[in-house]
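# Structure at a glance
Listed here are the chains, written in short residue letters.
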Amino acid sequence: MIDSGLASLASIALRAAIVFVLLVLGVRLTGKRQTGEMNLHDLLMIMILANAVQNAMTAGNPRLNVAIVAAGTLILLGWSLAVMVGRHPAWQKWIMGAPTVLVQDGRKIPKNMRREGVSEAELMTAVREQGVAELARVKLAVLEIDGEISVVPWEE
Amino acid sequence: VFERWLADVFSHPSWLVLLGIVGRTAVVYLLVVAAMRLLGTRPLGRMSAYDFVLVIVIANAVQNALVGGDNSLAGGLVSALTLLVLNFFLTWLLDRFPRLEKQLSGEPVVLITGGIVQWNSLHREGITRDELMAVLREHGVAAPDEVRLAVLEVDGAVSVVLGEAHVHRTHRRFRGRGVT
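Nothing here was measured: the structure is a model prediction, and the numbers come from that model.

## A look at the overall build of chain B
- The secondary structure content of chain B amounts to ten helices and four strands.
- Secondary structure elements of chain B, listed N to C terminal, follow the sequence α-α-α-α-α-α-β-β-α-α-β-β-α-α.
- Across the 180 residues of chain B, 36% fall into the buried class.
- For chain B, long-range pairs separated by at least 24 residues make up 61% of all intrachain contacts whose partners lie at least 6 apart in sequence.
- Split by element, the accessible area of chain B, about 10700 Å² in all, is 63% carbon and sulfur.

## Quick notes on the side chain of Ser121 of chain B
Residue and element names in this part refer to chain B.
- Along the polypeptide, Ser121 turns up in helix H7 (residues 119-125).
- Judged by relative accessible area, which is 11%, Ser121 ranks as buried.
- Ser121 has contacts with Val109 and Val110, leaving out every residue within four places of it along the chain.

## Remarks on helix H3 (residues 49-61) of chain B
All names here are of chain B.
- With 13 residues, H3 should reach 18 Å at 1.5 Å per residue; the first-to-last C-alpha distance of 18 Å fits that figure.
- Listing the buried residues of H3 in full gives Asp51, Val55 and Ala59. Angular distribution of buried residues about the axis of H3 spans 70 degrees; they occupy a single face of the element. Projecting away from the buried face of H3 at angles above 90 degrees are the exposed residues Ala49, Tyr50, Val53 and Ala61.

## Digging into the pairing of strand E4 (residues 158-162) of chain B
Residue and element names in this part refer to chain B.
- Of all the five residues making up E4, four are buried; the element is thus mostly covered by neighbouring parts of the structure.
- Here strand E3 (residues 147-152) runs beside E4; their pairing, made up of five bridges, is antiparallel. Within the sheet, the bridge partner assigned to Leu152 lies in E4 and is Val158.
- Taken together, E3 and the strand that follows it, E4, pair antiparallel across an intervening segment of five residues, in which Gly156 is found at a positive phi of about 90 degrees.

## So, the interface of chain A and chain B
- Taken residue by residue, the interface counts 45 residues in chain A and 51 residues in chain B.
- When chain A packs against chain B, close to 4400 Å² is buried across both sides, 66% of that on carbon and sulfur atoms.
- For the interface between chain A and chain B, the tally reads two salt bridges.
- When the shortest N-O distance is used, the salt bridge between Arg148 of chain B and Glu134 of chain A registers 2.3 Å.
- Viewed at the interface, chain B and chain A are joined by eight residue pairs in polar contact (both at pLDDT 80 or more).
- At the level of secondary structure, the elements contributing two or more residues to the side of chain A that touches chain B comprise helix H1 (5-30), helix H2 (40-52), helix H3 (54-58) and helix H7 (120-129) of chain A.
- Here the element with the most residues in the side of chain A that touches chain B is H1 of chain A; it accounts for twelve residues.
- Grouping the constituent residues of the side of chain A that touches chain B by class yields 24 nonpolar, 13 polar and eight charged.

## Some thoughts on the nonpolar core
- By size, the foremost hydrophobic cluster in this structure holds 31 residues, and its most contacted members are Val19, Leu44 and Ile48 of chain A together with Val32, Leu73 and Leu83 of chain B.
- If you list the elements that add at least two residues to this core, you get H1, H2 and H3 of chain A together with helix H2 (15-39), H3 and helix H5 (73-96) of chain B.
- Excluding residues that lie within four positions of it along the chain, Ile48 of chain A makes contacts with Val32, Ala59, Val62, Leu66 and Leu83 of chain B.
- The next biggest cluster of nonpolar side chains, apart from the first, holds 16 residues, and it includes Val117, Leu122, Met133 and Ala150 of chain B.

## A closer look at the sheet that holds strand E3 (residues 138-143) of chain A
Residues and elements named next belong to chain A.
- With antiparallel pairing, four strands are arranged side by side in an open sheet as E2-E1-E3-E4. The sheet is open, and its two borders are formed by strand E2 (107-108) and strand E4 (149-153), each paired with just one other strand.
- Taken together, the two bridges between strand E1 (residues 100-104) and E2 define a ladder with antiparallel strand orientation. Bridge pairing in E2 links Gln104 to Arg107.
- Sheet contacts for H7: E1, E2, E3 and E4; angle to E4, the most-contacted strand, approximately 55 degrees.

Criteria and cut-off values
- Residues numbered from 1 in each chain as written.
- Chains lettered and ligands numbered in written order.
- Predicted model: local features only at pLDDT ≥ 70, side-chain atom pairs only at ≥ 80, totals over all residues.
- Heavy atoms only, no water.
- Helix = DSSP H or I, 4+ residues; strand = E, 2+ residues; numbered from the N terminus.
- Buried < 20%, exposed > 50% of the residue type's maximum accessible area, 1.4 Å probe, protein only.
- Contact = heavy atoms within 4.5 Å.
- Areas by Shrake-Rupley, 256 points an atom, 1.4 Å probe, with all protein chains shown as cover.
- Expected span 1.5 Å × (residues − 1).
- Arc of directions from axis to C-beta.
- Pairing = 2+ DSSP bridges.
- Buried area = accessible area lost by both parts, 1.4 Å probe.
- Salt bridge = Lys/Arg side-chain N within 4 Å of Asp/Glu carboxyl O.
- Polar contact = N/O pair within 3.5 Å; in protein donor to acceptor, adjacent residues only side chain to side chain.
- Nonpolar A, V, L, I, M, F, W, Y, C, P; charged D, E, K, R; others polar.
- Core = buried A, V, L, I, M, F, W, Y, C linked by side-chain atoms within 4.5 Å.
- Axes fitted to C-alpha atoms, helices over the stretch in contact; angles between N-to-C directions.

See below:
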């Protein structure tokens, strides 16, 4: 353990940066998009994941400046990721994924549903939550990048 | 000095310790998932402040158990990776075997069909008449007989499909009742 102030803080920043990059990658690769609202299980998973990497970032050091450097690094990286995605919309597809059409003109697109792991029951739940009972009444249903299924009914 | 600095960041405990972290994380994950299933998706339950606090406290309670007091970068990343892979595997399993998913998270329950309230289902799910009426009002409906279909979804939300009158706009009778 190196105690000389600046070097140790720099190592904290590097640790936080590595954790950030790997977590973004890891969640992107393994995380199936959760459909619908975030539930308790999802929230708990996120909290536990955050706690699992906590000591890896701060090296178990409880000092305030360590905490500030670690949190600051994360905020800075999160902000630059958002700016990057904003400037290059094409990158968004790689980092966050693209929306997928699930239903077009009342017809399911089974290939897309399989690829995104959306079950028939999940789709119908989203449709009912929009106040529509039958698939035939659905003009368009899209799995958005935030995992929500948006449903556009036919205008009558 | 720089090499020593790098070594500080990238030094990792022995493989045996890392393997122990994988094991600890797996045990914690399984216990937490089991506990969540016991708590269940509360009917009509949006996430309350109580649920929120519970989740954060549980997460903090298991924190040191995950990495076993290990402070290395590698230890934390191994633990995080274990969590991600296990969660991926669980969701894959639930997708693969829909029957297992039904067992774990339940099936949607019809509460109202064709304007008729299914009291048996309501009793079984522990939903009171007042709660049902509150949900209907939140959807802008005053009485059950205006509802074609109301379903308690597995995530605890209630979805409401209105009667034909509101869609076709032909049966003015329903609208004339002073609902709006």
